[in-house]
Amino acid sequence: MCRYMPESRRGIVHWLLGGGLAASVASFLYPVLRFMMPPEVPEAAVNEVAAGKVTDFLPDSGKIIKFGSRPVLLVRVSETEWRAFSAICTHLNCTVQYQQARHQIWCACHNGLYDLNGKVVSGPPPRPLDSYDVHVRGEEVFVTRRA
C-alpha cells in the first residue's frame, strides 16, 4: 500500500506523525517540569506577628504560629518567660515541636533535640535554631524578627 504512495505524500505523513509524537511528549513533560520547578514567590516582608492572647498559652507549653510564610515555635516557659524559635530544623528542614515532658524542642525526622535556648543538645542538626523576640503588650503576645 505504501509502495505506490508518492514520495511527497509519504513525507507529509511522516512529518505529521513525528510532529504528533513530539507534541504528545511535550504535553506530558511540560507539566512535570513546571511541578518540579515552581515559580519563585516573594515572601511578604513581615517583621512582627500577633501570636494570640496570653490566656491562649499555658505555662510550659508550645505552639507553632505562622510568621509570614514560615513556621515559628512559640514556647511559654513560665508565667512571665517566653521564647520563640524558627520551627524549621537546621538539619533537613523538618518541623520541630516542643516536648513538654523533656522541656526540649524535638525534631521527629532524625531525633534531633534542642534546648530552650535553641542550641543543639543531640542528634544531627548542624547549628542552633534561629531565635525571635517575644513581647507581651497588655493581653496580646507578639513575635518579632531579631535585628
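Residues numbered from 1 in each chain as written. Predicted model: local features only at pLDDT ≥ 70, side-chain atom pairs only at ≥ 80, totals over all residues. Heavy atoms only, no water.

Participant: Where do I start with the state of the cysteines in this structure?
Facilitator: Here, disulfide denotes a covalent bond that connects the sulfur atoms of two cysteines. Applying the stated criterion across every chain, the model contains one disulfide. There is a disulfide in this structure between Cys 94 and Cys 109, and the S-S distance comes to 1.8 Å. Taking the sign of the torsion about the S-S bond as the criterion, the disulfide between Cys 94 and Cys 109, at about -105°, is left-handed. Taken together, the positions of Cys 94 in the loop between β4 (82-86) and β5 (96-99) and Cys 109 in the loop between β6 (104-107) and β7 (112-114) put the pair 15 residues apart, joining distant regions of the chain. For Cys 94, a relative accessible area of 15% gives the class buried. Looking at Cys 109, the relative accessible area reads 38%, which means it is partly exposed. Unpaired in terms of disulfides, Cys 89 finds its nearest cysteine sulfur in Cys 107, a separation of 3.6 Å. A residue is classified by how much of its surface remains accessible, and Cys 107, at 2% relative accessible area, is buried. (Disulfide = S-S within 2.5 Å. Helix = DSSP H or I, 4+ residues; strand = E, 2+ residues; numbered from the N terminus. Buried < 20%, exposed > 50% of the residue type's maximum accessible area, 1.4 Å probe, protein only.)

Participant: Sorry if this is basic, but what is going on with the sheet that holds β6 here?
Facilitator: Think of a sheet as strands paired side by side through backbone hydrogen bonds, with each pair either parallel or antiparallel. Taken together, the four strands give an open sheet; going across it, the order is β5-β6-β7-β8, and neighbouring strands pair in antiparallel fashion. Edge positions in the sheet fall to β5 and β8 (120-122), since each of these pairs with one other strand and no more. Direction aside, neighbouring strands of the sheet carry axes that sit 35° apart on average. (Pairing = 2+ DSSP bridges. Axes fitted to C-alpha atoms, helices over the stretch in contact; angles between N-to-C directions.)

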